[in-house]
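One-letter residues, chain by chain:
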Amino acid sequence: IALFAMIVTGTHSHKSKSFDYYAEPTAIKDNVWIAARAMVLNGCVLEERSLVSAGAVVMPHTHCKAGAMYGGVPAKCIKKRGLEDSLELGVWNIHFR
C-alpha cells in the first residue's frame, strides 16, 4: 500500500435523516498493490495480484478480479497484468544515506 492511499470501510447513509454511520468489511487478498493516493471504499474485494493505479477510486462493493489492473474515477478494469513469473520473495537490500 503506497503513500497516501486510503482504505475506507465506513460511511454514512444518505437515506437516513441523521446520516447514520455504518461500516462494511473490505477484503484485500495476497500480493495486491494499491498505488499512491488511491482510495478503496467500503465493501470492496481486491483479489490476489490485483493492482489499483495511482489516484484511482474503487467504488463501494466493487469486486476487482485476480491479476487485473484497475484505474480511473470510478476505477474500471484496464487490463490483465499479464504476469508470467511466479512470485519469489527474497531479501531486500535497502541502503539509506
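Throughout, residues of each chain are indexed from 1 in the direction in which the sequence is written. Local features in this predicted model are restricted to residues of pLDDT 70 or higher, and side-chain atom pairs are both shown and tallied only at a pLDDT of 80 or more, whereas totals for entire chains, interfaces and linings draw on every residue. For side-chain calculations, the full set of non-hydrogen atoms in the structure is used, while hydrogens and water are omitted.

A. Representation of the overall build of the protein. Along its length, the protein carries 0 helices and 12 strands. Accessibility here uses a 1.4 Å probe with only protein chains present; expressed as a share of the type maximum, an area under 20% marks a residue as buried, one over 50% as exposed, and anything in between as partly exposed. A buried classification covers 31% of the 97 residues belonging to the protein. Contacts are assigned to residue pairs with any non-hydrogen atoms lying within 4.5 Å of each other. Look at the contacts in the protein between residues 6 or more apart in sequence, and 19% of them connect residues 24 or more apart. To be clear on the numbers: accessible area is Shrake-Rupley with a 1.4 Å probe, and residue cover counts the displayed protein chains and nothing else. With an accessible surface of roughly 7,200 Å², the protein has 58% of that area assigned to carbon and sulfur atoms. Under the scheme used here, helices are H or I runs from DSSP no shorter than 4 residues and strands are E runs no shorter than 2 residues, and both carry numbers assigned from the N terminus.

B. Main features of the state of the cysteines. We call a pair of cysteine sulfur atoms a disulfide when they lie within 2.5 Å. Inspection of the entire model under this criterion finds 0 disulfides. In this structure C64 is not part of a disulfide, and its nearest cysteine sulfur, from C44, lies 6.5 Å away. Owing to a relative accessible area of 0%, C64 belongs among the buried residues under this scheme.

C. Representation of the sheet that holds strand β6 (residues 39-40). The strand order across the open sheet formed by 3 strands is β1-β6-β9, and the pairing between neighbours is parallel. Taken across any chain shown, the strands that pair with only one partner, and hence form the sheet edges, are β1 (6-7) and β9 (57-58). Where β6 lies against β9, 2 bridges are found, and the strand directions are parallel. Looking at β9, one finds that M39 is bridged to V57. Note on pairing: DSSP must find at least two bridges between two strands before they are called paired.

D. Region of interest: a positive patch on the surface. Judged by side-chain charge, R49, K65, K80 and R81 come together as a positively charged surface patch. With respect to the helices and strands, K80 occurs in strand β12 (residues 76-80). A residue is classified by how much of its surface remains accessible, and K80, at 54% relative accessible area, is exposed. What makes a patch is a set of residues exposed beyond 30% relative accessible area and free of salt bridges, joined within 9 Å when like-charged and within 5 Å when nonpolar (Val, Leu, Ile, Met, Phe, Trp, Tyr). Think of a salt bridge as a Lys or Arg side-chain nitrogen and an Asp or Glu carboxyl oxygen that are within 4 Å of each other. Positive charges come from Lys and Arg, negative ones from Asp and Glu, while His and the chain ends are left out of the count. Charge positions come from single atoms, namely NZ of Lys, CZ of Arg, CG of Asp or CD of Glu.

E. How the structure looks around a nonpolar patch on the surface. Together, I1, I7 and I28 give the surface a local cluster of nonpolar side chains, amounting to about 260 Å² of exposed area. Topologically, I7 is positioned in strand β1.

F. Region of the structure containing the side chain of N42. Relative to the helices and strands, N42 is located in the loop between β6 and β7 (45-46). Residue classification places N42 among the buried positions, given a relative accessible area of 5%. At 2.4 Å, the side chain of N42 and the side chain of E24 are in polar contact. Apart from the residues within four sequence positions on either side, N42 is in contact with V8, T9, G10, T11, Y22, E24, T26, P60 and H61. In the analysis that follows, any N or O atom pair within 3.5 Å is treated as a polar contact, provided that within protein one partner can donate a hydrogen and the other can accept it, and provided that, for residues neighboring in sequence, both atoms belong to side chains.

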